[in-house]
Amino acid sequence: MAEATLRARTIAALSNPDLDQKTALARETATLWFNRKIALRSPADPKIPDRPGRPAKPALVPPTQVKNRGVGSLRSRIALLHALAHIELNAVDLALDIVARFTTQNVPRSFFDGWMQVADEESKHFLMVRNRLRELGGDYGDLDAHDGLWQAAHSTRDSLTARLAVVPLILEARGLDVTPSLQEKLKEAGDHESAAVLSVIYEDEKGHVAIGAKWFRFLCAREKLNPATTFQELVRSHFRGPLKPPFNDLARAAAGLTPSFYRALVSTSSA
Ligand SMILES: [Fe+2]
Ligand SMILES: [Fe+2]
């Protein structure tokens, strides 16, 4: 698919159930796009799928059936890395979906630079976590996984501002809150290799939240909307989960996500 457009290529990666091919295509497409070797879109592009292509395993089960077992034992660390690999895989598909779905929006080309950087880094994260899982004797697909993660994409498929509010500014910002303590627990358990993988992810995720906040603010400014109150309205109407403290206020603010955005949501948003 040498000459295919950015949209056609991201749709192909999104649809592909082979995870080596999906991530390779996402990364190759990011490089082609950064080097301005491909066009944004064409009328010949295929239709975007409702759900991403996924392998037969892992089985997807309701979130209540996915247990959290701490990090003390090897089995528990494999379960943690498996859950993390699943989150990173969803993040790959979410970044590809933002690019593929919103190529018809009136946004600068640099918007797609940002999201292709995210698609590339999420692919790298998935591969790093899966690799660590294999070193520990497991693999992605061995355990059941959470079936609710695509819900955020589905419920925001018609609105770019809603997508940015829910995906980078709620879900990825949550990663900034929980990752440092998880890293500490892994180090205490003596698993420095897994902690090192998490530290790469943590640094990159700050950038993903920043890209989300930048474009969310851009779209609000263009429509002359207050970004904090618009964020709250969009989250209330498009996100079902709770917003739980403690928040990593410093890392969030450094990414442009200030407490005025999310504090007001804490008491009112419940599952
Ligand atoms: Fe990630
Ligand atoms: Fe991310």
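Residues numbered from 1 in each chain as written. Chains lettered and ligands numbered in written order. Predicted model: local features only at pLDDT ≥ 70, side-chain atom pairs only at ≥ 80, totals over all residues. Heavy atoms only, no water.

So, the overall build of the chain
Right, so step 1: When helices and strands are tallied, the chain shows 10 helices and 2 strands.
Right, so step 2: The N-to-C order of helical and strand elements in the chain reads α-α-β-α-α-β-α-α-α-α-α-α.
Right, so step 3: For 271 residues, the compact-globule estimate of 2.2 N^0.38 gives 18 Å, and the C-alpha radius of gyration of the chain, at 18 Å, lies within 12% of that figure.
Right, so step 4: Counting across all 271 residues of the chain, residues that qualify as buried make up 51%.
Right, so step 5: Intrachain contacts of the chain at a sequence separation of at least 6 include 80% that bridge at least 24 residues.
Right, so step 6: Distance between charge centroids for the chain: 4 Å, based on 36 positive and 31 negative side chains. (Helix = DSSP H or I, 4+ residues; strand = E, 2+ residues; numbered from the N terminus. Rg over C-alpha atoms; globule rule 2.2 N^0.38 Å. Buried < 20%, exposed > 50% of the residue type's maximum accessible area, 1.4 Å probe, protein only. Contact = heavy atoms within 4.5 Å. Lys, Arg positive; Asp, Glu negative; His and termini not counted. Charge placed at Lys NZ, Arg CZ, Asp CG, Glu CD.)

Some remarks on the pattern of salt bridges
Right, so step 1: All chains considered together, the criterion is met by 20 salt bridges.
Right, so step 2: We note a salt bridge from Arg132 to Glu193, for which the minimum N-O separation is 3.7 Å. With Arg132 in helix H4 (residues 109-135) and Glu193 in helix H7 (residues 192-222), the pair connects residues that are 61 residues apart, well separated along the chain.
Right, so step 3: With a relative accessible area of 47%, Glu193 lands in the partly exposed category.
Right, so step 4: Between Lys187 and Glu184 there is a salt bridge; the shortest N-O distance is 3.7 Å. (Salt bridge = Lys/Arg side-chain N within 4 Å of Asp/Glu carboxyl O.)

Looking at the environment of Val209
Right, so step 1: By the secondary structure assignment, Val209 is in helix H7.
Right, so step 2: Measuring from C-alpha to C-alpha, the distance between Val209 and Glu172 comes to 6.3 Å, with 37 residues separating the pair along the chain.
Right, so step 3: Residues in contact with Val209, not counting those within four places in the same chain, are Pro168, Leu169, Glu172, Ala173, Leu176, Ala255 and Leu257.

Let's talk about the coordination of the iron ion (ligand 2)
Right, so step 1: Of the protein atoms, only Glu122 (OE), Glu172 (OE), Glu205 (OE), Glu205 (OE) and His208 (ND1) coordinate the iron ion (ligand 2), at distances of 1.8 to 2.7 Å.
Right, so step 2: Written as a sequence motif, the donor arrangement for the iron ion (ligand 2) is E-x49-E-x32-E-x2-H.
Right, so step 3: Separating the iron ion (ligand 2) from the iron ion (ligand 1) is a gap of 3.7 Å, bridged by Glu122, which donates to each. Placement of Glu122 in helix H4 and of Glu205 in helix H7 is noted, with a sequence separation of 83 residues between them. (Donors = N, O, S within 2.8 Å, 3.2 Å for Na, K, Ca; no water.)

Quick notes on the nonpolar core
Right, so step 1: Leu6, Phe111, Phe112, Trp115, Phe216 and Phe231 are the most contacted members of the largest nonpolar core, which has 79 residues in total.
Right, so step 2: A per-element tally of this core places helix H3 (residues 74-101) first, with 13 residues.
Right, so step 3: Phe216 has contacts with Thr161, Leu164, Ala165, Leu169, Pro227, Thr230, Phe231, Leu234 and Phe261, leaving out every residue within four places of it along the chain. (Core = buried A, V, L, I, M, F, W, Y, C linked by side-chain atoms within 4.5 Å.)

With respect to the coordination of the iron ion (ligand 1)
Right, so step 1: Ligation of the iron ion (ligand 1) by protein atoms is provided by Glu88 (OE), Glu122 (OE), His125 (ND1) and Glu205 (OE), these donors lying 2.0 to 2.3 Å from the ion.
Right, so step 2: Coordination at the iron ion (ligand 1) is irregular: its 4 donor atoms span angles of 91 to 157 degrees at the metal.
Right, so step 3: Donor residues binding the iron ion (ligand 1) come from one chain and are separated in sequence as E-x33-E-x2-H-x79-E.
Right, so step 4: Classification of His125 by relative accessible area gives buried; the value is 0%.
Right, so step 5: On the basis of relative accessible area, Glu205 is assigned to the buried category, the value being 8%. (Tetrahedral: all angles 85-135°; square planar, octahedral: opposite > 155°, others 65-115°.)

Observations concerning the packing of helix H2 (residues 19-34) against H3
Right, so step 1: Two numbers describe how H2 lies on H3: the axes approach to 11 Å, and their chain directions differ by 45 degrees. As far as their axial angle goes, H3 and H2 are oblique. In terms of crossing hand, the pair formed by H2 and H3 is left-handed. Contact with H2, carried on its side by Leu19, Lys22 and Ala26, involves Leu89, Val92, Asp93 and Leu96 of H3 and no other residues of that element. (Axes fitted to C-alpha atoms, helices over the stretch in contact; angles between N-to-C directions. Parallel < 35°, antiparallel > 145°, perpendicular 65-115°, else oblique. Left-handed = near helix turned anticlockwise from the far one by under 90°.)

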